[in-house]
Amino acid sequence: MTDDPTGSDDRPNEARTDDRTGEKLVELAKRRGYFFQSAGAYGGVGGFYTFGPQGAALKQNVEDAWRERFAVAEGNVEVDAPTIMPEPVFEASGHLDTFDDMLVECPDCGESHRADHVVEDETEYEDAEGLPIPEVEEIVAEYELVCPTCGAGLAGQAVEDFNLMFATNIGPGDAQPGYLRPETAQGIFVEFPRLKEYARNQLPFGVTQIGRAYRNEISPRRSIIRTREFTQAELELFIDPETDEPDLASVTDVDLTLYPASEQERDDGDLVETTVGAAVDDGTLQPWIAYYLGVAREWYASLGVDMERFRFRQHLAGERSHYASDCWDAEAELDGNWIELAGFSDRGDYDLSKHDAHSEDRYSIFQPYDEPRTVERTVVDPDMSYLGPEFGADADRVVEALETKAERDRAAFESAADTAAERSSGDDSEPRDGESVEIDLDGETHEIPVEKTGFAVEEQTESGEHLIPHVIEPSFGVDRLVYTVCHHAYREDEVDGEERTYLALDPEIAPTFVGVFPLQSDDALESEAREIASELRAAGLSVTYDDSGNIGRRYRRQDEVGTPFCVTVDFETIENDPATVTVRERDSTAQTRVAVADLPETLSALRAGDLAFDELEG
C-alpha cells in the first residue's frame, strides 16, 4: 500500500451514525444532487421531489437491480402501461370506493392532516390506520390532540374519508373522466386478456412494471418517504391456487425477522427470528409469500439495507387493503421509526374477477383436464317471442342476466319450475307467485316466468374449465428504498484530524463508481487523467472527472456522494514505464497503485465483487 499523494495517512477512525441522520441526509441530498423539493423557485409544493444527477443515477441503478432480480432472474416479462386510465377501471377495481385515508381539518388554520398520523405521533397507538373512524375521533378527544401546524385543539372535529386519487379529464369538451393511477398494478390487470395470450395461457406467469404512481396524500412528509408522486416496482404473479406452488429450495434456509399479527396484538409481543422453511412449516407464512420474502430479504441485503434494522410485518386485519387476504410489509428502521419499503400481498382472484364482471372481455384462462369429464350444466334458451315485446332493446341483456343467474343460482330456477309443475297440466292460467325467476337490470328487479326461460339441466362432456387466476403481488417502493439505502449507508468519522461524512454505498448501485483526478493543476497530468476517464467510461463504468481544489477536498466530495473508488494521476503515472496510478478505496481510505493498462479490468472486477480491494498488491 502507498500513502496518500498529499502525504497524509488519511485513515479513518470508527464510522458512526446518530438519531439525526435523517436531517443530515436531507441536507446532504440537496447539496450533492440526490433529491430536493421540486419547483423551489416558485415556493415548492409538498409531496413532489426532483432527483438530481446523483439521485437519478442511484434510482436507476436500484430499478435495474430490481428488474434483474424480479423480472429477468424469475423469468417474468415487463410492460409499460399509461399512468392515466378511464374511470371505469377504478370503479371495477374498487379504488373509487375504498382508496381512502382519514382526514381531519384544523378549525383554526384550516390545514388538513391525516388523523391516524396525528394519533400515532402523539399517543402510544402504533397502527391507527387500521382503526375505525369513530374510534380515532374518540382517541383525538381523549388525548386532547392538537393541530401539528398551529396547535389548535382537534377534539370534536369530524374525521372523514378522503379519496387519494388524482382526478383528471381525458379529451376536450364533455371529456371522459379519468384518474392518475394510484398503483401500477391496474395497468397490468386491465391488459390481462392480451397478456395471457402472450403467456400461451399457461400458469403460472408473472408480469412486472416499474413506473410512476400518484396519491394525493393529505400530509406528505419526511422528504421522499411519503410523496404524492413516486415510483413503484411491482410484480403480478398469476397462479392456479390449487396446483401451483413455489420451489422453496433456493430460499428455505434464508433467515427472516417476522412481526406477525399475533405478536402485534399481544402486550408482550416481540419479533420472531425464523427461516423461510420453518415459517411455512408452522403456518406463519403461506408458501408464495414466504418465497418472495426470502428473495426480497437477500436482495435488500445485497443493496446495502442494514439487516439489523429490517423486518417483515404482517398487516392486521383492519389495515389490509380491500383486495388482500394476507399482506406482509418489508420495513426498515430510520431514526427510530419503521417505514414500509414493500408489500407482499395475496390478492386472490379479486382484481381479475372484478374486471371480468365489469368489462366486455374474459379474464379467465382455459385449463384442460387430464381426461374429459361428464358434468351437469345449467342452460337457458329463452323464448324471444316473449322477451322481445316485453323488453325491447334490452332483451339481449335479459338473456345474459338469465344465463348468469342459471350458472350461479340454479336453485332459483329449479324452485320456480317445481312450483309451476304443481299446477295441473290443463291449467293455462297466468303463472302464480313462485313460478318466476327474478333478475336485476340497472338496479330494477324483473320477474321472468320460468317457462319462458328455457331452463334445463344437461349432461355435457368437457375437456377443461375456465379459471380466473389468483394473484401474488410483491410491490416495492423505489423512492423509499433509495432513501433507506442512503440512510443506512450514511457515516461520519474522522480522517487525519478532520471530520468526514461519507455514504458507504454498495459499488454496484453507487451513482458514480470512480472519480478520476490529476494530482495537481498540470497540463500533462490533466491530459492523462482525462484520457483515463474516457477509457473507463468506454469500459462501462460511471466516471466523474474533477480537477478543482486540493486532492484532499476532492476525495471528501466523492466520499460524500458515495463514490467507491478514486483514481489519482500523478507524476509517477507519466514518468514511469509501465504507467501506474493511485487507486483509493472510499470506506477505509486505503490506497494502492495499479497499472494503467490493467485499470479497466481491475475496477470492473471490484464493481462486480469478483475482486476485493485488499487483494490488490501495492
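Each remark here, short or long, concerns the structure printed above.
## Quick notes on the overall build of the protein chain
Part 1 of the argument: For the protein chain, the count of helices and strands is 20 helices and 28 strands.
Part 2 of the argument: If one aligns the C-alpha atoms of the protein chain with their principal axes, the spans along those axes are about 115 × 65 × 60 Å.
Part 3 of the argument: Every one of the 618 residues in the protein chain was classed for burial, and the buried ones make up 48%.
Part 4 of the argument: Surface summary for the protein chain: the accessible area is close to 29400 Å², and the carbon and sulfur share equals 42%.

## Points about unusual backbone geometry
Part 1 of the argument: Here the residue pair Leu203 and Pro204 is connected by a cis peptide bond, since its omega of -5° sits within 30 degrees of zero.
Part 2 of the argument: Inspection of the secondary structure assignment puts Pro204 in the loop between α8 (192-198) and β10 (205-214).
Part 3 of the argument: With omega at 10°, the peptide bond leading from Asp577 into Pro578 counts as cis.
Part 4 of the argument: Position of Pro578 relative to the elements: it lies in the loop between α19 (571-575) and β27 (580-585).
Part 5 of the argument: Phi at Asp496 is positive, roughly 55°, even though this residue is not glycine.
Part 6 of the argument: Topologically, Asp496 is positioned in the loop between β22 (490-495) and β23 (498-503).
Part 7 of the argument: With a phi angle near 60°, Thr589 is a residue other than glycine that sits in the positive phi range.

## Focus: helix α12 (residues 350-358)
A turn of α-helix holds 3.6 residues, and therefore any two residues three or four places apart point the same way.
Part 1 of the argument: Taken residue by residue, α12 has Asp351, Leu352 and His355 as its buried positions. Burial along α12 is one-sided: seen end-on, the buried residues are contained in an arc of 90°.

## Digging into the packing of helix α2 (residues 53-72) against helix α11 (residues 287-303)
Part 1 of the argument: Their axes nearest at 11 Å, the elements α2 and α11 cross at an angle of 145°. Crossing geometry of α2 relative to α11 is assigned as right-handed. Facing Val62, Ala65, Trp66, Arg69 and Phe70 of α2, the residues of α11 in contact are Tyr291, Tyr292, Val295, Ala296, Trp299 and Leu303.
Part 2 of the argument: For the contact of α2 with α11, the class distribution of residues is 10 nonpolar, no polar and one charged.

Basis of the calculations
Residues numbered from 1 in each chain as written. Predicted model: local features only at pLDDT ≥ 70, side-chain atom pairs only at ≥ 80, totals over all residues. Heavy atoms only, no water. Helix = DSSP H or I, 4+ residues; strand = E, 2+ residues; numbered from the N terminus. Buried < 20%, exposed > 50% of the residue type's maximum accessible area, 1.4 Å probe, protein only. Areas by Shrake-Rupley, 256 points an atom, 1.4 Å probe, with all protein chains shown as cover. Arc of directions from axis to C-beta. Axes fitted to C-alpha atoms, helices over the stretch in contact; angles between N-to-C directions. Left-handed = near helix turned anticlockwise from the far one by under 90°. Contact = heavy atoms within 4.5 Å. Nonpolar A, V, L, I, M, F, W, Y, C, P; charged D, E, K, R; others polar.

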